[in-house]
2 protein chains.
Amino acid sequence: MNQSLPQVFAALGDETRWDILTRLGARELSASALATELPVSRQAIAKHLAALAEVGLVEAIPSGREIRYRAIGARLSGLATELDRLGTQWDSRLARIKTIAERF
Amino acid sequence: MNQSLPQVFAALGDETRWDILTRLGARELSASALATELPVSRQAIAKHLAALAEVGLVEAIPSGREIRYRAIGARLSGLATELDRLGTQWDSRLARIKTIAERF
DNA sequence: CGATCATGCAACTGGTGGGTTGCAGTCGGT
DNA sequence: ACCGACTGCAACCCACCAGTTGCATGATCG
């Protein structure tokens with residue numbers, strides 16, 4: 001996990017995957033359980049879960065004979081921090097240029 | 001612009017697009033200028049810029065006979081806020097469940 | 001200890017998106 | 001007014017990915 005930013009965003013750039021993520025944010029669920037409430041096959045969901053786990057957005061929790069998954073909020077918050085850093089950096093650089101320009 | 005989250009992340013989930021974004025975060029550049037320092041054609045870059053503009057991550061600035069682009073940091077910071085909200089929400093829900101469980 | 005239910009693996013399909021090339025249009029400076 | 005440079009549009013190619021079906025495997029509850 002902890003891949004480069006574009007990889008994580010690619011994982012987040014899919015409707016179905018978001019659907020899965022938000023459900024896992026509310027409560028832990030197995031792949032089969034998710035398959036019953038989503039309009040796609042269990043195997044499709046399994047692939048999505050693998051992709052999400054790959055970038056550390058989701059965690060597998062073996063429990064009895066099924067494997068439940070939970071969303072990792074801390075990962076998302078960490079991303080948020082990085083994004084905010086970049087965003088303010090870009091804007092402040094712009095502001096600095098503007099300030100310099102206004103001196104003439 | 002201001003599309004749903006998956007769409008924005010899909011736009012961010014590409015190496016080339018991220019490369020473009022970070023460069024535009026440092027200074028305004030035209031599509032042709034970007035093409036000289038990136039290993040892809042100008043038309044490819046134009047498509048990426050259109051995609052980025054579509055979700056409000058980039059802004060077009062007509063200037064003379066060329067069109068310069070700048071990255072919009074505020075958009076990124078806005079995303080960060082949403083992500084952090086979701087992340088902490090997930091984790092706090094988890095904590096709440098854990099708290100309830102511990103009462104037994 | 002056996003039947004069941006959930007996961008895992010493999011092969012295939014369709015569609016979408018990143019990339020390219022070629023050409024037409026248009027604006028600007030000398 | 002012309003030449004050069006930058007942009008926009010269109011058609012095409014190719015690779016990757018979401019999704020499916022089918023089957024094999026294996027652990028668990030009764």
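Before reading on, note that the structure itself is shown above.
## A word on the interface of chain A and chain B
- In this complex, chain A contributes 33 residues to the contact, which on the side of chain B involves 34 residues.
- Each partner contributes to the roughly 2,700 Å² buried at the junction of chain A and chain B, and carbon and sulfur atoms together form 71% of this total.
- Here chain A is connected to chain B by 2 salt bridges.
- Note that Asp91(B) is salt-bridged to Arg70(A), the shortest N-O span being 4.0 Å.
- For the interface between chain A and chain B, the tally reads 6 residue pairs in polar contact (both at pLDDT 80 or more).
- Tallying contributions element by element places helix H5 (residues 73-102) of chain A first for the side of chain A that touches chain B, with 15 residues.

## Some points on the pairing of strand S3 (residues 66-71) of chain A
All names here are of chain A.
- Of the strand pairs in this sheet, strand S1 (residues 29-30) and S3 are connected by 2 bridges, and their pairing is antiparallel. In the sheet register, Ser-30 faces S3, and the bridge partner there is Arg-68.
- Bridging between strand S2 (residues 58-63) and S3 involves 6 bridges; their strand directions are antiparallel. Considered in S3, the bridge of Ser-63 is made with Glu-66.
- Here S2 folds back onto S3 in antiparallel fashion, the turn holding 2 residues, of which Gly-64 has a positive phi close to 65 degrees.

## Quick notes on the protein's contact with DNA strand D
- Surveying the vicinity of DNA strand D reveals 21 residues, the closest of which are Ser41(A), Lys47(A), His48(A), Ser32(B) and Arg42(B).
- Restricting attention to atoms of DNA strand D within 4 Å of the protein, one finds that 52% of them are sugar or phosphate atoms.
- Gln43(A) has a polar side-chain atom sitting 3.1 Å from a base oxygen of DNA strand D.
- Here Arg65(B) contributes a side-chain N or O atom positioned 2.8 Å from a base nitrogen of DNA strand D.
- Elements represented by at least two residues in the surface near DNA strand D include exactly helix H2 (15-26) and helix H4 (42-54) of chain A together with helix H3 (31-37), helix H4 (42-54) and strand S3 (66-71) of chain B.
- Counting residues per element, the surface near DNA strand D draws most heavily on H4(A), which supplies 4 residues.
- A class-by-class count of the residues in the surface near DNA strand D yields 5 nonpolar, 8 polar and 8 charged.

Cut-offs and rules
- Counting of residues starts from 1 at the beginning of each chain's written sequence and follows it residue by residue.
- Chain letters start at A and ligand numbers start at 1, both assigned in the order the entries are written.
- Predicted model: local features are reported for residues with pLDDT of at least 70 only, side-chain atom pairs are reported and counted for 80 or more only, and whole-chain, interface and lining totals are derived from all residues.
- Excluded from the side-chain calculations are hydrogens and water; all other atoms, namely the structure's heavy atoms, are used.
- Working rule for contacts: check all heavy atoms of both residues, and any pair within 4.5 Å makes them a contact.
- Buried area is understood as the total, over both parts, of accessible area removed when two parts are fitted together, assessed with a 1.4 Å probe.
- One speaks of a salt bridge when a side-chain nitrogen belonging to Lys or Arg is within 4 Å of a carboxyl oxygen belonging to Asp or Glu.
- Polar contacts, as used here, are pairs of N or O atoms within 3.5 Å; protein pairs need one atom able to donate a hydrogen and one able to accept it. Residues neighboring in sequence count only if both atoms are side-chain atoms.
- The secondary structure listing takes helices from DSSP runs of H or I that are at least 4 residues long and strands from runs of E that are at least 2 residues long, numbered from the N terminus.
- By the convention used here, strands pair only if DSSP detects at least 2 bridges between them.
- When we say a residue is near a molecule or strand, we mean one of its heavy atoms is within 4 Å of it.
- In this count, Pro and Cys sit with the nonpolar residues alongside Ala, Val, Leu, Ile, Met, Phe, Trp and Tyr, while Asp, Glu, Lys and Arg are called charged and the others, Gly among them, polar.

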